[in-house]
Amino acid sequence: MAEVAISVPVAPTPGVFRRLLKRKLAVFGLIVIALIVFAAVFAPWIVPYNPDEQFFEGLTLEGAPLAPNARFWFGTDLVGRDLLSRIIYGARTSLIIGVIANGVSVLIGSAVGITAGYFKGWVSTVLMRFTDLMMAFPALLLAIVLAAIFRPSLLIVAMVIAMVNWVQIARVLYTETRSLAERDFVEAERALGAGTFRILTRHIFPHLVSTIVVYATLGIATTVLLEATLSYLGIGVQPPTASWGNIIFENQTYFTSAPWLVFIPGFAIILLALAFNLVGDALRDILDPTQQGHH
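Residues numbered from 1 in each chain as written. Predicted model: local features only at pLDDT ≥ 70, side-chain atom pairs only at ≥ 80, totals over all residues. Heavy atoms only, no water.

### Points about the overall build of the chain
What counts, and what does not: Runs of E in the DSSP output that reach at least two residues are strands. Runs of H or I that reach at least four are helices, and both are numbered from the N terminus. Partly exposed describes any residue whose relative accessible area lies between the buried limit of under 20% and the exposed limit of over 50%, with all areas from a 1.4 Å probe on protein chains only and scaled to the type maximum. It only takes one pair of heavy atoms within 4.5 Å for two residues to be counted as in contact. Accessible surface is estimated by sampling points in the Shrake-Rupley manner with a 1.4 Å probe; for residues, cover comes only from the protein chains shown. For the purpose of counting charges, residues Lys and Arg are taken to be positive, whereas Asp and Glu are taken to be negative. His and the chain ends are not included. Just so you know, the charge point we use is NZ for Lys, CZ for Arg, CG for Asp and CD for Glu.
On a plain count of helices and strands, the chain comes out with twelve helices and zero strands. Each helix and strand of the chain, ordered N terminal to C terminal, gives the series α-α-α-α-α-α-α-α-α-α-α-α. Each principal axis of the C-alpha distribution contributes one length, and for the chain these read about 80 × 45 × 30 Å. When burial is assessed residue by residue, the chain has 46% of its 295 residues classed as buried. Expressed as a percentage of contacts within the chain between residues at least 6 apart in sequence, the contacts between residues at least 24 apart total 71%. Total accessible area on the chain stands at roughly 14,800 Å², and carbon and sulfur atoms take up 70% of it. Averaged over its 19 positive side-chain charges, the chain has a centre that lies 8 Å from the centre of its 18 negative ones.

Here it is as structure tokens:
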């Protein structure tokens, strides 16, 4: 039987990070991620003010937000809170949701994809038809419906995003696992009496690790953008918890008179998503030999 030609990425090696550092765009992405993670982790110690503190002197005499100045570097929001402090705490919210939601979606997608790809018959059919059903719904619309059903909170928003983001990796891993399961070395293992657990852990999963790593990295960018979208629509992380999306949502009425209230958090969202995409693209090129020279 002819084998299906697919891309089978090699397993990650200790030299991956060293090769990653040779790519300028990837290094830029790593630096941005490191700075944002540092700010998120040490937020309580580096913010100039309490992010929820409303300053009487943080508004003009007319009650409008203050522009960036020597005291409030990023200006203030519509109720006189320091925008820089809220941006730093918003990084913590975005990263927590990004890591939790993407981690859960990768686990679900990997379990579904590998199980459906290895086991044939009704198991594969049921799992992949369910995956197709989930893919048929627009992710944003489904997330909005789920967020509206459950009371939004940090954990609920993370789980809602995870529920709509697992289908892509499930599809990819299903295709790769199904092809790997038909390879000669797997058939030989079966003939020698190897059990399912041994075949999956020793001969199939190692070939899928690099794909999972790449999707785990790229997925964080998608997760951050989806969280920002839900928060902007008012059904994501709820105030007073700072989130880059709800900062834009709260201050959008001042878009023309105080544009920094929209542009600064918007730039932060784009920068973080870009950083993870740059690192994810570099990892894909390094871990998958067939991608070399394609970018």
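### Quick notes on the packing of helix α4 (residues 83–118) against helix α10 (residues 196–232)
Condition: With axes taken as lines fitted to C-alpha atoms, and helix axes fitted only over the stretch in contact, angles between N-to-C directions fall between 0 and 180 degrees. Helix crossings are classified by the rotation of the near helix relative to the far one: an anticlockwise turn of less than a right angle makes the crossing left-handed, while a clockwise turn makes it right-handed. Classes in brief: Ala, Val, Leu, Ile, Met, Phe, Trp, Tyr, Cys and Pro nonpolar; Asp, Glu, Lys and Arg charged; the others, Gly included, polar.
For the pair α4 and α10, interaxial distance at closest approach is 8 Å and the crossing angle is 145°. In the crossing of α4 with α10, the sense of the turn from one axis to the other is right-handed. Here the residues of the contact of α4 with α10 are counted per class, giving 15 nonpolar, seven polar and one charged.

### Concerning the environment of Leu78
Considering the arrangement of structural elements, one finds Leu78 in the loop between α3 (43–46) and α4. For Leu78, a relative accessible area of 26% corresponds to the partly exposed category.

### Digging into the pattern of salt bridges
We count it as follows: Any Lys or Arg side-chain nitrogen found within 4 Å of a carboxyl oxygen on Asp or Glu counts as a salt bridge.
Under the definition given, this model contains ten salt bridges. Residues Arg86 and Asp52 are paired through a salt bridge, measuring 3.2 Å at the closest nitrogen-oxygen approach. With Arg86 in helix α4 and Asp52 in the loop between α3 and α4, the pair connects residues that are 34 residues apart, well separated along the chain. Owing to a relative accessible area of 1%, Arg86 belongs among the buried residues under this scheme. Note that Arg284 and Asp281 form a salt bridge whose closest N and O atoms lie 3.2 Å from each other. With Arg284 and Asp281 both in helix α12 (residues 260–287) and three residues apart, the pair spans about one turn of that helix. Judged by relative accessible area, Arg284 falls into the partly exposed class, the value being 25%. Relative accessible area serves as the criterion here: at 29%, Asp281 is assigned to the partly exposed category. Beyond isolated ion pairs, a larger network of salt bridges with shared partners links Asp52, Asp77, Arg81, Arg86 and Glu250.

### Some remarks on the packing of aromatic side chains
The following threshold applies: Geometry of aromatic contacts follows a simple scheme: Phe, Tyr and Trp rings, the Trp one being its six-membered ring, pair when their centres are within 6.5 Å, and the pair is stacked under 30 degrees between planes, edge-to-face over 60, tilted otherwise.
Applying the stated criterion to the full structure yields eight aromatic pairs. Where Phe38 meets Phe42, the ring centres are 4.8 Å apart and the plane angle is 45°; that geometry is what we call tilted. Judged by its relative accessible area of 46%, Phe38 is partly exposed. On the basis of an interplanar angle of 85° and a centroid distance of 5.1 Å, the ring pair of Tyr118 and Phe119 is categorised as edge-to-face. What makes Phe119 partly exposed here is its relative accessible area of 34%.

### Regarding a nonpolar patch on the surface
Defined as follows: Surface patches are drawn from residues lacking salt bridges whose relative accessible area is over 30%; two like charges belong together within 9 Å, two nonpolar side chains (Val, Leu, Ile, Met, Phe, Trp, Tyr) within 5 Å.
A cluster of nonpolar side chains, contributed by Val37, Phe38, Val41, Phe42, Trp45 and Ile46, occupies part of the molecular surface with about 600 Å² of accessible area. Of all elements in the fold, only α2 (24–41) and α3 reach the threshold of two or more residues within the nonpolar patch. It is α2 that contributes the most residues to the nonpolar patch, three residues altogether. Accessibility expressed as a relative area gives 34% for Val37, which makes it partly exposed.

### Regarding the environment of Phe249
Its location among the elements puts Phe249 in helix α11 (residues 244–251). Note on Phe249: relative accessible area 33%, which makes it partly exposed. In sequence terms Phe249 and Val145 are 104 residues apart; their C-alpha atoms lie 19 Å from each other. Setting aside chain neighbours within four positions, we find Phe249 in contact with Ser231, Tyr232, Leu233 and Gly234.

### Topic: the nonpolar core
Cut-off, in case you're wondering: Within this scheme, the nonpolar core is defined by two criteria: the residues are buried Ala, Val, Leu, Ile, Met, Phe, Trp, Tyr or Cys, and they are joined through side-chain atoms within 4.5 Å.
The biggest cluster of nonpolar side chains holds 35 residues, and the ones touching the most others in it are Leu20, Ile36, Trp244, Leu272, Phe276 and Leu283. Elements that contribute at least two residues to this core include exactly α1 (16–20), α2, α4, α10, α11 and α12. In terms of residue count, α12 provides more of this core than any other element does, 14 residues in total. Core analysis: the second largest hydrophobic core is formed by 20 residues, Leu142, Ala143, Leu146 and Val164 among them.

### Quick look at helix α8 (residues 167–181)
We apply this condition: In a helix, the anticipated span is given by 1.5 Å times the number of residues less one.
Here α8 spans 21 Å end to end across 15 residues, near enough to the 21 Å set by a 1.5 Å rise per residue. Listed as buried for α8 are Val167, Ile169, Ala170, Leu173, Tyr174, Glu176, Thr177, Ser179, Leu180 and Ala181.

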